[in-house]
Amino acid sequence: MNESADGIPVLTDLVEDGGPASAAPADSATMFLGELEAHLTAVIHEHADELVHNACREMEALLLEQVSDRLKAELPGMIARVIAEHFRGPARSN
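These numbers were taken from a predicted model, which means no experiment stands behind them. (Residues numbered from 1 in each chain as written. Predicted model: local features only at pLDDT ≥ 70, side-chain atom pairs only at ≥ 80, totals over all residues. Heavy atoms only, no water.)

### Here we look at the pattern of salt bridges
Tallying each qualifying case throughout the model produces 2 salt bridges. Between Arg70 and Glu74 there is a salt bridge, and its shortest N-O distance comes to 3.4 Å. Remark: Glu74 and Arg70 occur in helix H1 (residues 20–88); sequence separation between them is 4 residues, near one turn of the helix. Take Arg70: its relative accessible area is 58%, and that puts it in the exposed class. With relative accessibility at 39%, the residue Glu74 sits in the partly exposed group. (Salt bridge = Lys/Arg side-chain N within 4 Å of Asp/Glu carboxyl O. Helix = DSSP H or I, 4+ residues; strand = E, 2+ residues; numbered from the N terminus. Buried < 20%, exposed > 50% of the residue type's maximum accessible area, 1.4 Å probe, protein only.)

Structure (C-alpha cells):
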C-alpha cells in the first residue's frame, strides 16, 4: 500500500477474486442447503408415513364395521339353515 501526495493511503496491489476466503461462504451455503434438504426430506417422509398409517387405520375400521354389519345381517339366516339341515339329516325324509 502506498500513500498519495495528500498522505491518504492508496491501495496499489491487485486483489484477485476467487481466493480461499471467497470459497468458504459458498461451501458454508452449500453445506447449509444440504442440511436443510436432508431435514426437509426427513420431516416430509415422517409426515407422509403418519398419513399412510392413519389412512390404514381408518380403512381397517371401515372394513371391520362393514364385515360386522354383514355378519349381523347374515347370521340369523345361517343359524336357521344349519339348524334345519341338522334336524333334517341326510337319511330323514318326511
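Picking up after the structure, the text goes on.
### What about the confidence of the model for the chain?
In low-pLDDT regions, the fine details of the predicted coordinates are not to be read closely. Mean pLDDT over the chain: 84, with 74% of residues reaching 70 or higher. Highest mean pLDDT in the chain belongs to H1 (92); lowest belongs to strand S1 (residues 2–3) (58). (pLDDT = per-residue confidence, 0-100.)

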